[in-house]
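A closer look at the structure
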Amino acid sequence: MKIAFSSSGDDVHSPLDPRFGRAPKFLVYDLETDRYEVVDNRRSLDAAQGAGIQSAETVARSGAGSVVTGHCGPNAFRALSGAGIKVYHTDAPTVAAALDLYRSGKLLEARSEDVRGHWA
Amino acid sequence: MILAVASGKGGTGKTTVAVNLARVVGSPILLVDCDVEEPNAHLFLEGEFGEEEVVGIPIPEVDKSLCDGCGECGRFCEYRAIVSFGEAPLVFPELCHGCGGCALVCPKRAIREVERRIGVVRTMRAGPVTLIQGVLDVGSPMAPPLIRAVKTSLRNGEPAILDAPPGTSCPVVAAVRDADSVLLVAEPTPFGLHDLALAVEMMRETGVPLGVVINRCGIGDDRVHAFCAREGIPVLLEIPDDRRIAEAYSRGRLIVDALPEYRRLFEVLAEKTLRSVREGVGE
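Everything numeric in this text was worked out from a predicted model, so none of it was measured.

Bringing the overall build of chain A into the picture now. Along its length, chain A carries four helices and five strands. Taken over C-alpha atoms, the radius of gyration comes to 13 Å for chain A, in line with the 14 Å a tight globule of 120 residues would show. For chain A, the spread of C-alpha atoms along the three principal axes comes to 40 × 25 × 25 Å. The buried share of chain A, reckoned over its 120 residues, is 51%. Sequence separation of 24 or more characterises 53% of the internal contacts of chain A that already satisfy a separation of 6 or more. When the 14 positive and 15 negative side-chain charges of chain A are each reduced to one mean point, those points stand 4 Å apart.

Written out as structure tokens, the structure is:
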């Protein structure tokens, strides 16, 4: 089972980026092997629109079944749901802290977006 | 003859110039309000809106019974308005620009286009001035298709003045494209100069002849004048910084009606910019 964390940096001690759609990177952590890879999300960061949807595509391609991030807008949430990816929100400061929370079962699966879209 | 009135910075006097210019022409003229996110030229005209036309863009609708989830549509879409995760695609209507590409690339012909409303086009007659106005629906971010719809009124070859949106982005390009000349309105301030320079840079890409109107002359400094001289752009009108102009504006009155001493300024501008209109009248 792989989990994608929105990350500002390249390792688990990096700050968890509070933005899903505009996160510069995703740290995709494999719970079975305790290894991770970093997926660049620069294209979404620079996109004029549709960043959340494009980020959802990036996460789907990475093989992750869950996303742990700060906030997720309506289009991103719809796209992630469409891809069968679960969403967990947290204000944990780092990827490692968010991973601990996830592992200890303290994160609840989100049922909807938690912020409004930019066009709302 | 199509003259567009544009500016880099908002609130510098585009509409003021456009409506006063339209007023002094005296012969039939179209005034086309392309600032569809906040149209305001009608505030300065006396008349009632007549016909109203609903404008939409084509967005994809997917027949799930035909779709095999190949994802070609999503790979084609530049705007992430349609995306597939191995099943029938999701459509995000507010991101769609209506290009129709997804329907064209779909190998199963599972996508057909349906209309999505984005706004209306309205017409008002005020003496010789016919105002065509686009109004974008609240919550619809897609201005360029509505601007193009507003501009279909230009096809009959009548002389026209276009009131463009501010800035240098897609809606502005949609508005000024195919104009015969463009007036850029600027204030003689550091902000005014900065945004004028951006607008000039954008306009030069289009190759349309440029002139500048300096509004509120007397505030700020002479750097806008110096910029225009250096760039070889004619300053076609200088409107003084006169409190009475602002007072008339705040009451929805035209400068040329409220302050007749300024009428000549706009007549000279009309002669310089809409010469072909005058010639048309003379024939």
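Turning next to the nonpolar core. Generally speaking, nonpolar side chains in soluble globular proteins are found buried as a group. Counting 84 residues, the largest nonpolar core has Phe 20 of chain A together with Val 182, Leu 184 and Leu 196 of chain B as the members making the most contacts within it. No other element matches helix α6 (residues 190-206) of chain B, which puts six residues into this core. For this core, the two domains that each supply at least three residues are domain 1 (2-55 + 118-282) and domain 2 (64-109) of chain B. Those residues in contact with Leu 196 of chain B that lie beyond four places of it in its chain are Leu 184, Ala 186, Val 212, Val 224, Phe 227 and Cys 228 of chain B. Ranked by size, the runner-up nonpolar core spans 35 residues in total, among them Val 5, Val 19, Leu 236 and Val 256 of chain B.

Below, the discussion takes up the interface of chain B and chain A. The interface is formed by 13 residues belonging to chain B together with 14 residues belonging to chain A. Across the chain B to chain A interface the summed buried area is about 1,300 Å²; carbon plus sulfur atoms make up 60%. For the chain B face of the interface with chain A, the top three residues by lost area are Arg 80, Phe 85 and Phe 92 of chain B, together amounting to 47%. Joining chain B to chain A, the criterion identifies one salt bridge. With a shortest N-O distance of 2.5 Å, Glu 57 of chain A and Arg 80 of chain B are connected by a salt bridge. The class makeup of the residues in the side of chain B that touches chain A is nine nonpolar, two polar and two charged.

Predicted confidence across chain A gives a mean pLDDT of 92, with 98% of residues reaching 70 or more. Across chain A, element-level confidence peaks in strand β2 (residues 25-30) of chain A with a mean pLDDT of 98 and bottoms out in helix α1 (residues 42-45) of chain A with 88.

Once the domains are mapped, chain B shows domain 1 (2-55 + 118-282) and domain 2 (64-109). Between domain 1 of chain B and domain 2 of chain B, the C-alpha centre-to-centre distance is 39 Å.

When pLDDT is averaged along chain B, the result is 93, and 97% of the positions lie at 70 or above. Overall, residues 276-283 of chain B carries pLDDT values under 50, and its contacts beyond four positions in sequence, including any with other chains, amount to nine contacts.

Right, let's get into the pattern of salt bridges. Taken as a whole and assessed by the stated rule, the structure comprises 22 salt bridges over all chains. Between Asp 10 of chain A and Lys 25 of chain A there is a salt bridge; the shortest N-O distance is 2.9 Å. Of this pair, Asp 10 of chain A sits in the loop between β1 (2-7) and β2 while Lys 25 of chain A is found in strand β2, placing the two residues 15 residues apart along the sequence. Given the relative accessible area of 19%, Lys 25 of chain A is considered buried. For Arg 244 of chain B, the salt bridge identified is with Asp 242 of chain B, shortest N-O distance 2.8 Å. Judged by relative accessible area, Arg 244 of chain B falls into the partly exposed class, the value being 37%.

So, on to the sheet that holds β2 of chain A. All names here are of chain A. Strand order in the open sheet made by the five strands is β3-β2-β1-β4-β5, with mixed pairing throughout. Both edges of this open sheet fall to β3 (35-40) and β5 (86-89), since each of them pairs with a single strand only. Put simply, the sheet's adjacent strands are angled 25° from each other on average, direction ignored. Sitting on the sheet, helix α4 (residues 95-103) is in contact with β1, β2, β4 (66-69) and β5, with an inclination near 145° to β1.

A separate point is the sheet that holds strand β3 (residues 49-62) of chain B. All names here are of chain B. Spatially, β3-β6-β7-β2-β8-β1-β9-β10-β11 is the arrangement adopted by the nine strands of the open sheet, whose pairing is mixed. Because the sheet does not close on itself, it has two edges, and the strands there are β3 and β11 (235-240). If you compare each strand with its neighbour and ignore which way they point, the axes differ by 20° on average. Bridging between β3 and strand β6 (residues 111-126) involves 12 bridges; their strand directions are antiparallel. If you follow Phe 49 over to β6, its bridge partner there is Met 124. Strand contacts of helix α10 (residues 263-273): β1 (2-6), β9 (181-186), β10 (210-217) and β11, with the helix running at about 165° to β11, the strand carrying the most contacts.

Quick notes on the rules
Residues numbered from 1 in each chain as written. Chains lettered and ligands numbered in written order. Predicted model: local features only at pLDDT ≥ 70, side-chain atom pairs only at ≥ 80, totals over all residues. Heavy atoms only, no water. Helix = DSSP H or I, 4+ residues; strand = E, 2+ residues; numbered from the N terminus. Rg over C-alpha atoms; globule rule 2.2 N^0.38 Å. Buried < 20%, exposed > 50% of the residue type's maximum accessible area, 1.4 Å probe, protein only. Contact = heavy atoms within 4.5 Å. Lys, Arg positive; Asp, Glu negative; His and termini not counted. Charge placed at Lys NZ, Arg CZ, Asp CG, Glu CD. Core = buried A, V, L, I, M, F, W, Y, C linked by side-chain atoms within 4.5 Å. Domains from an automatic or database assignment. Buried area = accessible area lost by both parts, 1.4 Å probe. Salt bridge = Lys/Arg side-chain N within 4 Å of Asp/Glu carboxyl O. Nonpolar A, V, L, I, M, F, W, Y, C, P; charged D, E, K, R; others polar. pLDDT = per-residue confidence, 0-100. Pairing = 2+ DSSP bridges. Axes fitted to C-alpha atoms, helices over the stretch in contact; angles between N-to-C directions.

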